[in-house]
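Below, each chain spelled out in residue letters.
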Amino acid sequence: QVQLVESGGGLVQAGGSLRLSCVASGRTFSNYVMAWFRQAPGKEREFVATITWGGGRVAYADSVKGRFTISRDSAKNTVYLQMVSLKPDDTAVYYCAASQPITARAEYVDYWGQGTQVTVSS
């Protein structure tokens, strides 16, 4: 089992920044690839970014490239999502995810966090 706990969401104006955190725990969490997904009202859950624990390989959705940065602190078992230049379209519940192997498809994710709301006002 892998447990994921997100934090850091909130309300921010367009152009602002937020940093999300995801603390992972469980016996084998380091074997999983970590990712962030998001789900806006009335829309499907979509991939945002992913990172491997070991090599720090990263990948991003086109919609967030250049604005979002995923990183990890292995000593703290924590994955971060730094978001800058936020837009109203970024408004969604953001979920931390763990999968094995790497995936950008929500249906293949093995574990989910509870989600954290990000609201960007215009």
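Look up a bit, the structure's there.
Residues numbered from 1 in each chain as written. Predicted model: local features only at pLDDT ≥ 70, side-chain atom pairs only at ≥ 80, totals over all residues. Heavy atoms only, no water.

Chemist: I keep staring at the sheet that holds strand β3 (residues 18–25) and nothing clicks. Help me out?
Modeler: With antiparallel pairing, four strands are arranged side by side in an open sheet as β1-β3-β8-β7. Here the strands that pair on one side only, and so sit at the sheet edges, are β1 (3–7) and β7 (68–73). The sheet shows a mean angle of 20° between the axes of neighbouring strands, direction not considered. Here six bridges tie β7 to strand β8 (residues 78–83), and the two strands are oriented antiparallel to one another. (Pairing = 2+ DSSP bridges. Helix = DSSP H or I, 4+ residues; strand = E, 2+ residues; numbered from the N terminus. Axes fitted to C-alpha atoms, helices over the stretch in contact; angles between N-to-C directions.)

Chemist: What's the story with unusual backbone geometry in this structure? I'm lost.
Modeler: Most of the time, phi is negative for any residue but glycine, and the peptide bond is trans. Cis geometry is found at the peptide bond from Gln100 to Pro101, where omega equals 5°. Following the sequence through the fold, Pro101 ends up in the loop between β9 (92–99) and β10 (111–112). The phi dihedral of Asn77 is positive, around 55°, even though this residue is not glycine. Along the chain, Asn77 falls in the loop between β7 and β8. Backbone geometry at Ser85 places phi at a positive 50°, although glycine is not the residue there. Accessibility expressed as a relative area gives 39% for Ser85, which makes it partly exposed. (Buried < 20%, exposed > 50% of the residue type's maximum accessible area, 1.4 Å probe, protein only.)

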